[in-house]
Amino acid sequence: MHPTGAGWGDRLPDLSFSSKPLAWMRKIMNLQFTQEEQEFQKTIRAWMRKNIPEEISRISALGEMPEKSQQQRWEKRLGKQGWLAVTWPEQYGGPGWTATQRYLFDLERAMAGAPPVSPFGVAMVGPVIYTFGSAQQKERWLPGIASGETLWCQGYSEPNAGSDLASLKTRAERKRDHYLVNGQKIWTTQAHWADMMFCLVRTDPDAKKQQGISFLLIDMNTPGIEVRPIYTIDGHHHLNEVYFTDVKVPLDNLVGKEGMGWTIAKFLLTHERTTIAGVADSHYALARMKRAIDEAPYYIDKQQARRRVAELEVELTALEYTNFRTVAATDEGRPFGPESSGLKIKGTELQQKMSQAMVEMGGLMSLVWDSSSAVGNESFNHSPRRYNFLRACTIYGGSNEIQKNVLAKMLLGL
Ligand SMILES: Cc1cc2nc3c(=O)[nH]c(=O)nc-3n(C[C@H](O)[C@H](O)[C@H](O)COP(=O)(O)OP(=O)(O)OC[C@H]3O[C@@H](n4cnc5c(N)ncnc54)[C@H](O)[C@@H]3O)c2cc1C
């Protein structure tokens, strides 16, 4: 039977707190969801099953990523329901959920086989606009993000400014009624999909490097912008180089004040790192792995494979419990600090370990690149793409080495 056949959702493991591995934890910590939260979870589960297009859940079941049209169709569906910008305050289009409800929503979304929402609009530029933007900018940009109409990309990295982001050189000169932008960005995910880019530019080349940076919103259809593809080792086109030649950007598209870009960039990176941990999607990857082992032909050592899955599940549970600390802190209005770096490091390491386990368990089945020449089991056949893509997850969103520096500074004062 194909892993995405009808009833796939019905046979997923129960991730509520009645599941066995977590039962003992309940005895020593109060981790029971309330009756209301359990009802909420049921409602979300039922909606997801009814609303996720089958072509999308099939792609997810293979560990692949959707095309632009598929991703946008799904995001618009969430937007119509008012469930796209789930982290936003209600006044800007959020549903007014608690952090626990958002956690449950994300878990049900992942377990039903829906892809994560593209982070650039909802998780990144949206919070920047409602926190630092003018009334006019909020009115102009937030509705399109919350409905899934406008797609964004992130123009931070440059060829010589990655970890050392403050060295960025893309220049925005202030003219009478516009900024004139010249320079280059690189590794820009989904720039070829995006309507808009939020971009760090240098407005004052003479100021101290962090202080000369500003945050601009740039329409990707403006003359002078050229997007060139970068094909990655998984065989896909996610990334791009973006060149700016005398690109005119209206003065109104500056967020905050000139020179405030660094403050905004730091604010935004914290948002980026908590989502990168990917707990919900790792639960889904684990469920896929279990399923693939169950359905694999006799030539994999199932007992050994299951032992490996158990080890990964223990690690995922530990990560999830750390994640709960940020969920609880958010619900109680407490700030969370270094946890986001810790979550990024452990979450991405685990994603890599899981994809590696999948490839190794699949053995010869993992040498097949896609399902056009499928042997044995489709999930194993697709696993090398996922494995290759996930080599990058310890780099993007600020490399894990940089996160370790952040932790050392915040926790040890080094
Ligand atoms: C798949 C993918 C998607 C991406 N998407 C985007 C995007 O949409 N928008 C965007 O702006 N950027 C994006 N990036 C870029 C990403 O943010 C950078 O690759 C990352 O910040 C690292 O910068 P770099 O590539 O210039 O490497 P470098 O900064 O040159 O680092 C090279 C190596 O040196 C290490 N290193 C550097 N400095 C230190 C230090 N101080 N201490 C210890 N080790 C250090 C790094 O950890 C790394 O291992 C993406 C990258 C990838 C791989």
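Please read all numbers here as calculations on a predicted model, not as lab measurements. Once a new chain begins, its residue numbering starts again from 1 and follows that chain's sequence as written. The predicted nature of this model means local features are confined to residues of pLDDT at least 70 and side-chain atom pairs, given and counted, to a pLDDT of 80 or more, with totals for whole chains, interfaces and linings taken over all residues. Computation of side-chain values: all heavy atoms of the structure, hydrogens and water removed.

(A) Quick peek at unusual backbone geometry. If you check the backbone angles, Gln-190 has positive phi at about 60° while not being a glycine. Residue class for Gln-190 comes out buried when judged on its relative accessible area of 16%. Positive phi outside glycine occurs at Asp-246, with the angle close to 45°. Only runs of H or I of at least four residues qualify as helices and only runs of E of at least two qualify as strands under DSSP, and these elements are numbered from the N terminus. Here Asp-246 shows up in strand β7 (residues 237-250). Exposure classes here rest on a 1.4 Å probe applied to the protein chains alone. A residue is buried below 20% of its type maximum, exposed above 50%, and partly exposed in between.

(B) Structural detail: the site of the ligand. Whether a residue is near a molecule or strand depends on its heavy atoms: if one lies within 4 Å, it is near. Not every one of the 17 residues close to the ligand is listed here, only the nearest: Ser-163, Trp-187, Thr-189, Ser-399 and Glu-401. Counting of polar contacts relies on pairs of N or O atoms within 3.5 Å, with two restrictions inside protein: one atom must be capable of donating a hydrogen and the other of accepting it, and residues adjacent in sequence are counted only when both atoms are side-chain atoms. Ser-163 is positioned such that a nitrogen or oxygen atom in its side chain is 2.6 Å from an oxygen atom of the ligand. The separation between a nitrogen atom of the ligand and a polar side-chain atom of Asn-405 is 3.0 Å. In the complex, the protein chains occlude 65% of the 970 Å² of accessible area that the ligand would expose alone. Element by element, the count of residues in the shell around the ligand is highest for helix α13 (residues 400-412), at three residues. Taken together, the residues of the shell around the ligand break down into eight nonpolar, eight polar and one charged. When residues of the shell around the ligand are sorted by domain, at least three fall in each of domain 2 (152-268) and domain 3 (277-414). Every accessible area reported is derived by Shrake-Rupley at a probe size of 1.4 Å, with residue values counting cover from the shown protein chains alone. Side-chain classes follow a simple rule in which Ala, Val, Leu, Ile, Met, Phe, Trp, Tyr, Cys and Pro form the nonpolar group, Asp, Glu, Lys and Arg form the charged group, and the remainder, Gly included, forms the polar group. Per the annotation, domain bounds derive from an automatic or database assignment of domains.

(C) Local environment of the packing of helix α2 (residues 35-51) against helix α4 (residues 68-81). Two numbers describe how α2 lies on α4: the axes approach to 12 Å, and their chain directions differ by 140°. In this view, α2 runs oblique relative to α4, as classed from their interaxial angle. Crossing geometry of α2 relative to α4 is assigned as right-handed. Here Trp-47, Met-48 and Asn-51 of α2 come into contact with α4, specifically with Trp-74, Arg-77, Leu-78 and Gln-81. Residues of the contact of α2 with α4, tallied by class, amount to four nonpolar, two polar and one charged. Axes here refer to lines fitted to C-alpha atoms; in helices the fit is confined to the stretch in contact. Angles between the N-to-C directions go from 0 to 180 degrees. Should an angle fall under 35 degrees it is taken as roughly parallel, and over 145 as roughly antiparallel, whereas 65 to 115 is taken as roughly perpendicular and any remaining angle as oblique. Handedness of each helix crossing follows the sense of rotation of the near helix against the far helix: counterclockwise by less than a right angle gives left-handed, clockwise gives right-handed. By definition, residues are in contact when any of their heavy atoms lie within 4.5 Å.

(D) Seen up close, the packing of aromatic side chains. In summary, the pairing rule links any two rings of Phe, Tyr or Trp, Trp by its six-membered ring, whose centres are within 6.5 Å, and it sorts them by plane angle into stacked for under 30 degrees, edge-to-face for over 60 and tilted for everything else. This model, assessed by the stated rule, comprises 15 aromatic pairs. Ring centres 5.2 Å apart and planes at 10° place the aromatic pair Tyr-92 and Tyr-130 in the stacked group. Taken together, the positions of Tyr-92 in the loop between α4 and α5 (99-111) and Tyr-130 in helix α6 (residues 119-132) put the pair 38 residues apart, joining distant regions of the chain. Like Tyr-92, the residue Tyr-130 is buried in the burial classification. In this scheme, Lys NZ or Arg CZ marks a charge over a ring once it lies within 6 Å of the ring centre and within 35 degrees of the ring normal. In this structure, Arg-228 is placed above the aromatic ring of Tyr-243, and the distance from its NZ or CZ to the ring centre is 4.1 Å. Of note, Arg-391 hangs over the ring of Tyr-387, and the distance from its end group to the ring centre comes to 3.9 Å.

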